[in-house]
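Summary of the model geometry
Spelled out, the chains give:
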Amino acid sequence: SRSPSAVPWQVTQWDTHSLGSWATELNEADVVINLAGRSVNCRYTVENREEIKHSRIRTTELIGQAIKLCQSPPSLWLNSSTATIYNHRYDAPNDEASGILGSQDTQSPDTWRFSIDVAESWEHAADKFDLPDTRLTKLRTSMVMGPGRGGVFDVFTRLARKGLGGTLGDGRQFVSWIHEEDFIRAILWIIENKNLVGPVNLCAPNPLPNRDFMKALRQA
């Protein structure tokens, strides 16, 4: 952690920028789970965009380098990714096998293409490592919904309570989501199923159009 004193159990500090003594902790570890990255809950200024992208790529590269140095590497590396990697569509869901990647869409606004570029660059940063003894899965996660402060659900509920929880745009766009407990269960399931490699979608099976999602949230 960057703040080792903030938690009651033993924690090794890392700086997210360079290999250090923390890298030795991965040797003989069972599983490495990397969810690091600057929050996207911000204005998309040039500076923030750079930090959003760089923070994900750099931490992923560091984890890959640390695993490569291990004498006894972890058997599994779960690296965060995002369902934003897929194309915006209404005709069919995007699954891992036949989903259409957003980079194939040339009509989207620049802000969308930025998010897709972040997602693909994030995955490429993990894929470039040759780790024959470590299984790699990329967690294409939808929005994780839980009651904790600072999460996306907290943002949505605060907007609704302040009278700003209306439909966004035309309201047809799907809100893909997963409950935080199901997210944890999915992580455990991936750990237990040793044949799973590559991208894995973490998403509830029933996304809602934005207008319906916000309506339900306002009523609640």
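Remember, it's a predicted structure, so these values are computed and weren't measured experimentally.

A word on the packing of helix H3 (residues 152-161) against helix H5 (residues 210-219)
It is at 9 Å that the axes of H3 and H5 come closest, and there the two elements cross at 70 degrees. The angle between the axes of H3 and H5 places the two elements in the roughly perpendicular class. In this structure, H3 crosses over H5, and the sense of that crossing is right-handed. Between H3, through Phe153, Phe156, Thr157 and Ala160, and H5, the contact on the second element is made entirely by Phe213, Met214 and Leu217. Across the contact of H3 with H5, the residue classes break down as six nonpolar, one polar and no charged.

Comments concerning the packing of helix H1 (residues 46-69) against helix H2 (residues 110-127)
Think of two packed helices as two axes; the pair is described by the angle between the axes and how far apart they sit. Following both chains from N to C, one finds H1 and H2 inclined at 10 degrees, their axes separated by 8 Å at the closest point. One way to sum up the angle between H1 and H2 is to call them roughly parallel. Once H1 is placed against H2, the crossing between them reads as right-handed. Side by side, H1 and H2 meet where Arg49, Ile52, Lys53, Arg56, Ile57, Thr60 and Glu61 of the first sit next to Asp110, Thr111, Phe114, Asp117, Val118, Ser121, Trp122, Ala125 and Ala126 of the second. Classifying every residue of the contact of H1 with H2 by side-chain character gives seven nonpolar, three polar and six charged.

Structural notes on unusual backbone geometry
Phi is positive for threonine 16, close to 65 degrees, though the residue is something other than glycine. Judged by relative accessible area, which is 14%, threonine 16 ranks as buried. Non-glycine residue glutamate 28 carries a positive phi angle of around 70 degrees. Along the chain, the position of glutamate 28 falls in the segment before strand S1 (31-34). Looking at glutamate 28, the relative accessible area reads 62%, which means it is exposed.

What to know about the sheet that holds strand S2 (residues 76-82)
The four strands are arranged S1-S2-S3-S7 in an open sheet whose pairing can be described as parallel. Because the sheet does not close on itself, it has two edges, and the strands there are S1 and strand S7 (198-202). Taking the axes of each pair of neighbouring strands and ignoring which way they run, one obtains an average angle of 25 degrees across the sheet. Across four bridges, the pairing between S1 and S2 is parallel. Looking across to S2, one finds that valine 31 is bridged to leucine 76. Sheet strands touched by H1: S1 and S2. Its angle to S2, the strand with the most contacts, is close to 170 degrees.

A closer look at the nonpolar core
Within the largest apolar cluster, 15 residues are counted, with the highest numbers of intra-cluster contacts made by Trp22, Leu26, Ile63, Ile67 and Trp77. Within the second largest apolar cluster, ten residues are counted, among which are Leu139, Ile178, Phe183 and Val200.

So, the side chain of arginine 135
Residue position: arginine 135 is located in strand S3 (residues 135-141). In terms of polar contacts, arginine 135 uses its side chain to reach the backbone carbonyl oxygen of asparagine 193, at 3.0 Å. If sequence neighbours within four positions are ignored, arginine 135 has contacts with Ser75, Leu76, Trp77, Ile190, Ile191, Asn193, Lys194, Leu196 and Val197.

The rules behind each value
Residues numbered from 1 in each chain as written. Predicted model: local features only at pLDDT ≥ 70, side-chain atom pairs only at ≥ 80, totals over all residues. Heavy atoms only, no water. Axes fitted to C-alpha atoms, helices over the stretch in contact; angles between N-to-C directions. Helix = DSSP H or I, 4+ residues; strand = E, 2+ residues; numbered from the N terminus. Parallel < 35°, antiparallel > 145°, perpendicular 65-115°, else oblique. Left-handed = near helix turned anticlockwise from the far one by under 90°. Contact = heavy atoms within 4.5 Å. Nonpolar A, V, L, I, M, F, W, Y, C, P; charged D, E, K, R; others polar. Buried < 20%, exposed > 50% of the residue type's maximum accessible area, 1.4 Å probe, protein only. Pairing = 2+ DSSP bridges. Core = buried A, V, L, I, M, F, W, Y, C linked by side-chain atoms within 4.5 Å. Polar contact = N/O pair within 3.5 Å; in protein donor to acceptor, adjacent residues only side chain to side chain.

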